[in-house]
Amino acid sequence: MVSLAACSSSAKNRTPSEQGNFTSATPMSAEQCAALAQIHESAVQESSYQIQPGDQLKVDFYLNSEFNDNVTVDPQGKITLSLVGTLQAGGLTPDQLASSIDKAYQNELRNPGAVVHIHNMPGRQVYVEGQVVKPGAFRLQPGMTVVQAIALAGGTTNDSAPKNTVLIRHDACGQAQGSKINLAAAVKNPGAGDDVALMSQDVVVVPRSTIANVDLFVKQYIRDAMPIETYLAPPM
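Below is a short write-up of the structure.

1. Description of the sheet that holds strand S8 (residues 165-170)
With mixed pairing, 5 strands are arranged side by side in an open sheet as S7-S6-S10-S8-S9. In this open sheet, the two edge strands, each paired with only one partner strand, are strand S7 (136-139) and strand S9 (176-181). Each adjacent strand pair in this sheet contributes to an overall mean axis angle of 25 degrees, direction not counted. Pairing geometry for S8 and S9, over 6 bridges, is antiparallel. Bridging from a neighbouring strand, Val-166 pairs with Lys-180 of S9.

2. Some words on unusual backbone geometry
Of note in the backbone geometry, Leu-83 takes a positive phi value of approximately 75 degrees without being a glycine. Position of Leu-83 among the secondary structure elements: in the loop between strand S3 (78-81) and strand S4 (85-88). Given the relative accessible area of 53%, Leu-83 is considered exposed. The phi dihedral of Gln-201 is positive, around 75 degrees, even though this residue is not glycine. Checked against the element boundaries, Gln-201 lands in the loop between helix H4 (183-188) and strand S10 (203-206). Judged by its relative accessible area of 36%, Gln-201 falls in the partly exposed class.

3. A few points about helix H2 (residues 94-104)
Looking only at H2, the buried set comprises Pro-94, Leu-97, Ala-98 and Ile-101. Seen along its axis, H2 keeps its buried residues to an arc of 105 degrees; they face one direction. H2 presents Asp-95 and Lys-103 as exposed residues on the side facing more than 90 degrees away from its buried surface.

4. Quick word on the side chain of Asp-202
With respect to the helices and strands, the residue Asp-202 is situated in the loop between H4 and S10. Each residue touching Asp-202, except ones within four places of it in the same chain, is listed here: Gln-125, Val-126, Tyr-127, Leu-167, Ile-168 and Arg-169.

5. Some points on the sheet that holds strand S2 (residues 69-72)
Within a sheet, each strand pairs with its neighbour through backbone hydrogen bonds, oriented either parallel or antiparallel. Pairing within the open sheet is antiparallel, and its 3 strands lie in the order S2-S1-S5. Every interior strand has two partners, whereas the edge strands, S2 and strand S5 (114-120), have only one. Direction aside, neighbouring strands of the sheet carry axes that sit 25 degrees apart on average. On top of the sheet, H2 reaches strand S1 (56-61) and S5; it is set at about 135 degrees to S5, its chief contact.

6. Side note on the packing of aromatic side chains
Under the definition given, this model contains 3 aromatic pairs. An angle of 70 degrees between the planes, with centres 6.3 Å apart, marks the rings of Phe-61 and Phe-67 as edge-to-face. With a relative accessible area of 18%, Phe-67 lands in the buried category. With 6.1 Å between their ring centres and 65 degrees between their planes, Phe-67 and Tyr-105 make a pair best called edge-to-face. Highlighted residues: Phe-67 in the loop between S1 and S2 and Tyr-105 in the loop between H2 and S5, separated in sequence by 38 residues. The same class applies to Phe-67 and to Tyr-105, which are both buried. The structure contains a cluster of three or more aromatic residues connected by ring pairs, namely Phe-61, Phe-67 and Tyr-105.

Criteria and cut-off values
- Residues numbered from 1 in each chain as written.
- Predicted model: local features only at pLDDT ≥ 70, side-chain atom pairs only at ≥ 80, totals over all residues.
- Heavy atoms only, no water.
- Pairing = 2+ DSSP bridges.
- Helix = DSSP H or I, 4+ residues; strand = E, 2+ residues; numbered from the N terminus.
- Axes fitted to C-alpha atoms, helices over the stretch in contact; angles between N-to-C directions.
- Buried < 20%, exposed > 50% of the residue type's maximum accessible area, 1.4 Å probe, protein only.
- Arc of directions from axis to C-beta.
- Contact = heavy atoms within 4.5 Å.
- Phe/Tyr/Trp six-rings, centres within 6.5 Å; stacked < 30°, edge-to-face > 60°.

In structure tokens:
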């Protein structure tokens, strides 16, 4: 994640090397700095995202725009492009897929220069429940973390116990596994170990009080066998 801590009006007092690559005599405002950081962060997150079936991709050939295309990854993780046919996309990052496309077009174009962007991920959602302002389902974006999902849900309520937030994730066999996340620490230091990157169908639950047994809490939450309060310890 990109830290915005260095973005402030004091930037005008720094040397060009301290301001990074920006050597303009006019310092950036805090708003401009934040916007630039957000753009950079989105680019970093997209570049590390692994493409999945159902994702909608935009393929651009900057030197050969007539071959630009919008494609959807099929259930087998493949895409179909003009001239070269079917290519594997699932499991690759956008940069890896772009390299694969370049190789496929080598006999057709002198300099393909393909670039792949994630256009949309329909059906890929995460769920935020418990003591948040607006619980519900949210579209999973490349690189989305627990802190970002909580923000989309309007933040936590005054009755929440953010240090005992639970992430529920299903394994390859469909079994639900739970892990505690210290949301309070994650908010203070986004991008650190507590700010976990989310996967499709993850469930983030912000409880009302301390969780005494995560495994039992997850079983109850998934199966709705008995009241959640059974697995909560008294508030600290």
